[in-house]
There are 2 protein chains.
Amino acid sequence: MKLQRILPMLEWARVYDKPTFTSDLVAAAIVTIMLIPQSLAYALLAGLPAEVGLYASILPLVAYTLFGSSRTLAVGPVAVVSLMTAAAVGNLALQGTAEYLAAAIALAFLSGVILILMGIFRLGMLANFLSHPVISGFITASGIIIAASQLKHLLGVNASGHNLYQILFSLSSQLDNLNWPTLIIGISATGFLFWTRKQLKPLLIRSGLSRRTADILTKAGPVFMVVATTLVTWGGDLQNSGVKVVGSIPQGLPGLSLPSFNPEVWEQLLVSALLISVVGFVESVSVAQTLAAKRRQRISPDQELIGLGSANIASSISGGFPVTGGFSRSVVNFDAGAATPAAGAFTALGIAIATLLLTPLLFFLPQATLAATIIVAVLSLVDLAALKRTWQYSRSDFSAMLATLLLTLAEGVEIGIVAGVGLSILLYLYRTSKPHSAIVGRVPGTEHFRNIDRHEVETDASLLTLRVDESLYFANARYLEDLVYDLVARNPRVKHLILMCPAVNLIDASALESLEAINQRLQDSGVCLHLSEVKGPVMDQLQRSQFLVALSGQVFLSQFDAWNQLRQPTTQTQVTAIVD
Amino acid sequence: MKLQRILPMLEWARVYDKPTFTSDLVAAAIVTIMLIPQSLAYALLAGLPAEVGLYASILPLVAYTLFGSSRTLAVGPVAVVSLMTAAAVGNLALQGTAEYLAAAIALAFLSGVILILMGIFRLGMLANFLSHPVISGFITASGIIIAASQLKHLLGVNASGHNLYQILFSLSSQLDNLNWPTLIIGISATGFLFWTRKQLKPLLIRSGLSRRTADILTKAGPVFMVVATTLVTWGGDLQNSGVKVVGSIPQGLPGLSLPSFNPEVWEQLLVSALLISVVGFVESVSVAQTLAAKRRQRISPDQELIGLGSANIASSISGGFPVTGGFSRSVVNFDAGAATPAAGAFTALGIAIATLLLTPLLFFLPQATLAATIIVAVLSLVDLAALKRTWQYSRSDFSAMLATLLLTLAEGVEIGIVAGVGLSILLYLYRTSKPHSAIVGRVPGTEHFRNIDRHEVETDASLLTLRVDESLYFANARYLEDLVYDLVARNPRVKHLILMCPAVNLIDASALESLEAINQRLQDSGVCLHLSEVKGPVMDQLQRSQFLVALSGQVFLSQFDAWNQLRQPTTQTQVTAIVD
């Protein structure tokens with residue numbers, strides 16, 4: 001049982017049969033065809049030689065098959081992580097140098113170690129600090145940056161930069177060197193891909209094909225385009241007219257070796273590796289959860305950390321760069337009928353065969369075609385409508401989203417994501433530091449108490465009930481003191497102040513000191529402090545302090561009990577006796 | 001009215017009369033006598049010439065009299081802020097140089113500007129992020145560091161350092177150079193001060209003096225010691241035996257000038273100035289609040305920021321260093337009967353006269369005497385018992401306190417306080433990321449619902465009520481999903497899941513997406529999702545989203561309504577109709 005927790009494959013491998021094998025094989029074939037150009041493209045996006053993308057699509061898939069908990073996640077190079085790799089490694093070395101490649105390999109290794117450690121220590125919850133608005137803003141901005149960074153391949157010029165301004169400025173200075181054949185290939189490829197995405201499928205269905213066949217033909221669109229543009233470039237000898245091609249890719253499988261250990265480089269890569277790990281994990285786990293939910297399966301986030309971590313280490317020792325679960329290829333894998341992670345292993349086999357046999361055929365593949373693949377893929381990630389939806393729901397979430405988006409565009413991916421996380425934490429703390437509170441009264445004829453400003457309720461002049469809608473902790477402890485003192489000053493007839501605590505989930509040491517001060521001060525002014533509806537765990541904690549001994553009033557199980565006891569004159573006397 | 005808000009003195013100056021004047025004058029005389037040695041001592045603690053302490057005790061007091069909101073706060077150099085000044089300025093220049101003094105003056109100016117800006121933008125709430133345990137750990141550690149740093153003056157050796165290890169290491173290497181006359185003066189002075197503090201007052205009362213006279217005589221202890229050790233040093237010509245004395249202090253009032261503007265230095269001091277501002281403000285405002293509460297007065301934290309900010313700017317333009325409200329001198333001021341801030345202005349006058357006339361008398365005052373004053377004052381700040389109290393109440397608060405204490409001792413004041421604040425925020429977020437939750441049932445015969453594990457309650461097999469005791473936001477959104485899915489999986493007979501929300505004070509955009517996912521998934525499994533006791537502001541926000549339209553069940557005002565409607569078979573049909 002314990003081994004099965006570490007190796008989730010033991011669960012599905014026991015019942016593996018022929019129909020499952022066939023499903024997995026078909027899915028693997030489709031994903032392999034899709035993954036070849038994607039792998040090359042994302043390697044170029046990361047500033048690495050094209051073959052590195054293929055290397056990152058073999059062993060990592062095998063590792064994930066062994067250790068991952070999702071049945072349908074397809075692992076490999078993805079757009080956002082490739083962009084983050086380029087940003088991280090670009091700080092340390094020049095593109096095209098051996099140091100650049102070594103740093104990318106080291107980054108994958110570090111990221112793998114971090115993910116596995118997070119898995120062992122069950123720190124998957126760290127990913128929770130990336131709120132939805134921050135992720136959404138970050139992904140949209142990354143999509144825009146990636147699309148912009150690929151424009152140079154469409155235009156056939158040299159340009160560089162890690163943020164939108166740098167990229168656009170660099171591009172605009174190069175417009176004179178525009179290469180027309182490249183531009184024609186690039187624009188046609190992009191247009192064709194958008195067309196297959198939006199209009200080919202309905203067209204095929206209308207022309208009488210089955211929905212499934214139409215689907216497969218539509219998915220094959222990119223492959224058709226790869227073949228077509230490669231043939232055109234080869235036939236027209238276009239690389240002599242300035243069309244950049246993928247060129248010669250070393251044939252054969254990558255050698256295995258540990259990444260070279262350079263303490264200085266590793267130290268500089270550490271923060272980037274952490275960011276890549278967390279972002280990659282969040283992206284991957286949300287895809288995996290969505291797909292698992294569709295088939296009533298469960299994934300284990302902590303096991304996913306182990307799975308993705310081992311995939312990254314596998315990538316590193318086989319000369320690859322950071323990988324994670326990709327959205328589009330996982331959906332294709334799922335739709336094509338993949339039933340178990342074995343589909344991933346078969347895909348790895350497919351890519352390995354391609355690496356051994358097909359690489360000479362890729363010589364004439366134009367880089368503009370790969371750029372078109374990337375642009376069409378990432379523009380589907382751009383979701384500006386989310387800004388509007390979030391604005392309507394919450395100004396605070398909207399500002400975190402907008403800040404992440406703008407800072408990622410202006411300052412690059414690392415600053416963008418860190419600022420987004422920091423801002424969402426600060427906004428949350430700010431919000432809880434001035435909590436909502438209400439004076440409540442009894443909804444007539446019930447035992448239920450609601451806000452006097454929103455409902456028709458009964459009140460009592462000598463009895464004031466304050467409901468504070470927040471845990472009491474350091475950020476709002478002083479606010480609570482001010483609130484209570486003001487309230488008592490404005491209601492001189494009040495004899496009993498009840499703090500109604502159904503929403504108080506925590507009273508920390510700072511708030512405890514404030515409550516002690518409030519109790520003392522109200523007692524001095526002849527007002528009795530009571531608590532009602534204190535939660536069990538909070539009560540347990542209060543009992544470990546001196547507060548309940550010093551409390552001038554009582555603690556009531558329900559607000560209705562407090563109302564009944566404190567409202568009647570006879571009971572009031574009794575309570576006063578307790579105070580003395 | 002508006003001018004009065006900016007100048008609180010207009011309020012009390014209107015009704016100022018002769019008895020108030022007399023009270024203020026008496027208090028001022030006592031505080032002046034206490035403040036002279038303290039000012040000199042804290043200037044030396046900050047690594048500055050002794051007269052700078054006097055300068056920081058004249059104009060700042062006048063500025064606070066004009067702009068401060070506390071009636072009894074006594075402003076001037078204090079121990080912790082002086083230590084922080086030494087740490088901040090010590091990074092930039094060598095003690096004794098003109099650059100060191102200029103940087104300390106610039107620090108006061110920056111700190112004043114920051115405080116005033118915080119006051120204008122009503123950012124007094126920033127101080128809330130210093131939780132009680134963090135402040136307590138920080139003050140205790142600072143007290144220990146300050147006491148250790150003064151040992152060199154008691155021993156008559158040279159030593160330095162900004163953390164406990166550096167100071168003790170530096171001291172131990174100097175023990176051979178011990179100066180015996182200094183040691184004798186230092187030990188006697190320290191012993192005498194401890195004795196007056198603990199035993200002199202009861203002794204005087206037993207010998208027949210009135211409580212008030214005994215009190216004043218006890219407070220005069222330090223002055224007696226200053227006079228006695230100065231006379232001994234002068235009479236015995238001890239400065240020729242190696243006893244270090246205060247020496248010649250420039251006679252006359254400081255000139256007024258703006259601090260020299262050096263952008264590089266200012267930039268490096270900015271973070272230190274922010275920390276000093278926040279720590280100084282917290283220390284000062286808690287003293288002011290305690291004293292105000294005793295006389296049923298109120299202080300305004302935002303106005304305090306303006307008052308302390310103007311005091312620091314006044315200090316800076318008159319050649320002084322950062323100041324704030326001091327604990328011991330404010331208590332003395334209060335006990336001596338100060339009625340209005342005018343007492344501060346009179347104290348300033350007293351110090352000004354002393355600066356003009358008395359400085360030659362201070363020539364033979366031994367530095368060991370000043371060190372003894374500091375040691376006795378700061379050791380009263382050390383509160384190790386707080387560690388035990390906090391451990392009993394909350395492990396989480398305890399760890400923040402201990403970390404602040406140890407890091408301040410080991411790494412110095414700035415790292416200590418920043419790490420303490422960061423840790424308390426992280427611990428709070430961690431805690432809310434795995435919120436307490438309970439399945440609740442009805443307390444028989446009431447409309448009240450409590451935890452089934454803690455109370456005898458009624459439940460219904462088709463009805464599950466989950467009360468989550470926390471706001472739903474990004475840090476716990478995924479946790480909530482897991483919680484609900486597990487619960488439904490473990491209770492296959494359940495038809496209705498009620499999320500009871502009296503403790504949910506916020507549902508942010510991330511949690512909204514999780515709720516939408518939960519609703520969809522429960523609906524797919526034939527379980528209806530309901531909400532009960534949703535707070536007004538949360539409901540307002542939900543109405544701005546599509547969630548209430550998609551919700552498979554209803555939103556009930558009270559949990560009792562939900563229980564009544566959903567429990568009966570007849571009503572259940574009705575609810576199912578709503579689902580369809």
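Values in this document were obtained by computation on a predicted structure and should not be read as measured data.

## Description of the pattern of salt bridges
So, point 1. Considering all chains together, one arrives at twelve salt bridges over all chains under this definition.
So, point 2. Asp469(A) is the partner of Lys535(B) in a salt bridge, and the nearest nitrogen-oxygen pair spans 3.7 Å. Taken together, the residues span two chains, with Lys535(B) in the loop between strand 7 (528-532) and helix 23 (536-542) and Asp469(A) in the loop between strand 5 (463-468) and helix 21 (474-490). Across the pair, exposure class does not vary: Lys535(B) and Asp469(A) are buried alike.
So, point 3. Among the salt bridges present, the one from Asp540(A) reaches Arg454(B), with a minimum N-O distance of 2.8 Å. With Asp540(A) in helix 23 (residues 536-542) and Arg454(B) in the loop between strand 4 (449-451) and strand 5 (463-468), the pair connects residues from two separate chains.
So, point 4. The partly exposed category is assigned to Arg454(B), whose relative accessible area is 42%.
So, point 5. What you see here is one network of salt bridges that share partners, running through Arg467(A), Asp469(A) and Lys535(B).

## With respect to the packing of helix 5 (residues 59-67) of chain B against helix 16 (residues 342-357) of chain B
Residues and elements named next belong to chain B.
So, point 1. Orientation of helix 5 relative to helix 16, taken along the N-to-C sense of each, is 165 degrees, at an axis distance of 8 Å. The angle between helix 5 and helix 16 falls in the class roughly antiparallel. The two elements helix 5 and helix 16 meet at a crossing, and its hand is left-handed. Contacts between helix 5 and helix 16 involve Leu 61, Val 62 and Thr 65 on the former and, on the latter, Ala 342, Gly 344, Ala 345, Thr 347 and Ala 348.

## Quick notes on the pairing of strand 6 (residues 496-500) of chain B
All names here are of chain B.
So, point 1. When you tally the buried positions in strand 6, you get five out of five residues, the bulk of the element.
So, point 2. Bridging between strand 5 and strand 6 involves five bridges; their strand directions are parallel. Note on strand 6: the bridge partner recorded for Thr 465 is Ile 498.
So, point 3. Between strand 5 and its parallel partner strand 6, the chain crosses via helix 21 (residues 477-490), and the hand of that crossover is right-handed.
So, point 4. One ladder, built from five bridges, connects strand 6 with strand 7; its direction is parallel. By the bridge assignment for strand 7, Leu 499 is matched with Leu 531.
So, point 5. Following the chain from strand 6 across helix 22 (residues 509-524) to the adjacent parallel strand 7, one finds a crossover that is right-handed.

## Concerning the interface of chain A and chain B
So, point 1. Taken together, the contact pairs 72 residues of chain A with 72 residues of chain B.
So, point 2. In total, about 6500 Å² of surface goes out of reach between chain A and chain B, with carbon and sulfur atoms giving 54% of it.
So, point 3. Area buried by chain A at its contact with chain B is led by Tyr393(A), Tyr428(A) and Arg478(A), which between them contribute 14% of it.
So, point 4. Taken together, chain A and chain B are joined by 25 residue pairs in polar contact (both at pLDDT 80 or more).
So, point 5. Elements represented by at least two residues in the side of chain A that touches chain B include exactly helix 8 (132-155), helix 13 (263-294), helix 18 (385-393), helix 20 (413-433), helix 21, helix 22 (509-524) and helix 23 of chain A.
So, point 6. It is helix 20 of chain A that contributes the most residues to the side of chain A that touches chain B, eight residues altogether.
So, point 7. Of the residues contributing to the side of chain A that touches chain B, the split by class is 26 nonpolar, 24 polar and 22 charged.

## A short note on the relation of the copies chain A and chain B
Each of the two copies of the chain can be brought onto the other by a rotation about an axis and a shift along it.
So, point 1. With an RMSD of 0.1 Å, the fit of chain A onto chain B corresponds to turning through 180 degrees and sliding 0.0 Å along the axis. Such values leave the two copies arranged in the relation of a two-fold axis. Every residue of chain A has its C-alpha some distance from the rotation axis, and the shortest such distance is that of Ala503(A), at 1.8 Å.
So, point 2. A shared interface surface links the copies, since 100% of the contact residues of chain A are contact residues in chain B too.

## Details of the packing of helix 8 of chain A against helix 20 of chain A
Residues and elements named next belong to chain A.
So, point 1. Between helix 8 and helix 20, the shortest axis-to-axis distance is 10 Å and the interhelical angle comes to 160 degrees. One finds that helix 8 runs roughly antiparallel with respect to helix 20. Both helix 8 and helix 20 take part in a crossing whose hand is right-handed. Facing helix 8, whose interface residues are Val 134, Phe 138 and Ser 142, helix 20 presents Val 413, Ile 417, Gly 420, Val 421 and Ser 424.

## Considerations on the packing of aromatic side chains
So, point 1. Overall, the coordinates contain 25 aromatic pairs over all chains when judged by the stated rule.
So, point 2. Centroid distance Phe363(B) to Phe364(B): 5.0 Å. Interplanar angle 70 degrees. Geometry classified as edge-to-face.
So, point 3. Put simply, the rings of Tyr428(A), Tyr473(A), Phe474(A), Tyr428(B), Tyr473(B) and Phe474(B) touch in pairs and so form one group of aromatic residues.
So, point 4. The ring of Trp391(A) has Arg395(A) sitting right over it, with the charged end atom 3.9 Å from the ring centre.

What counts and what doesn't
- The residue numbering used here restarts from 1 in each chain and proceeds along that chain's sequence as written.
- Labels are handed out in written order, letters beginning with A for the chains and numbers beginning with 1 for the ligands.
- Predicted model: local features are reported for residues with pLDDT of at least 70 only, side-chain atom pairs are reported and counted for 80 or more only, and whole-chain, interface and lining totals are derived from all residues.
- Think of the side-chain values as coming from all heavy atoms in the structure, minus any hydrogens and water.
- The working definition used for a salt bridge is a side-chain nitrogen of Lys or Arg within 4 Å of a carboxyl oxygen of Asp or Glu.
- Only runs of H or I of at least four residues qualify as helices and only runs of E of at least two qualify as strands under DSSP, and these elements are numbered from the N terminus.
- Under the scheme applied here, a residue whose accessible area is under 20% of the maximum for its type counts as buried, over 50% as exposed, and between as partly exposed, the area being computed with a 1.4 Å probe on protein chains only.
- For every element, the axis is a line fit to its C-alpha atoms; helices are fit only across the contacting stretch, and the angle between N-to-C directions ranges from 0 to 180 degrees.
- Throughout this description, any angle smaller than 35 degrees is read as roughly parallel, any larger than 145 degrees as roughly antiparallel, any in the 65 to 115 degree range as roughly perpendicular, and the remainder as oblique.
- Less than a right angle of anticlockwise turn of the near helix away from the far helix marks a crossing as left-handed, whereas a clockwise turn marks it as right-handed.
- In this description, contact between two residues means that some pair of their heavy atoms is separated by no more than 4.5 Å.
- Strand pairing is assigned whenever DSSP identifies at least 2 bridges connecting the two strands.
- Note on handedness: a crossover is taken as right-handed if, strands pointing away from the viewer, the path from the first strand over the helix to the second is clockwise.
- Each of two parts loses accessible area, computed with a 1.4 Å probe, when they are put together; buried area is these two losses added.
- Polar contact criterion, stated in full: a pair of N or O atoms within 3.5 Å, where within protein one must be able to donate a hydrogen and the other to accept it, and residues adjacent in sequence count only if both atoms are side-chain atoms.
- Under the scheme applied here, ten amino acids are nonpolar (Ala, Val, Leu, Ile, Met, Phe, Trp, Tyr, Cys and Pro), four are charged (Asp, Glu, Lys and Arg), and all others, including Gly, are polar.
- Superposing copies: least-squares fit, C-alpha atoms only, residues required to have pLDDT of at least 70 in both.
- Ring geometry is summarised as follows: Phe, Tyr and Trp rings, the Trp one being its six-membered ring, pair when their centres sit within 6.5 Å, and such pairs are stacked at plane angles under 30 degrees, edge-to-face over 60 and tilted between the two.
- By the criterion adopted, a ring carries a charge over it if an Arg CZ or a Lys NZ lies within 6 Å of its centre and within 35 degrees of its normal.

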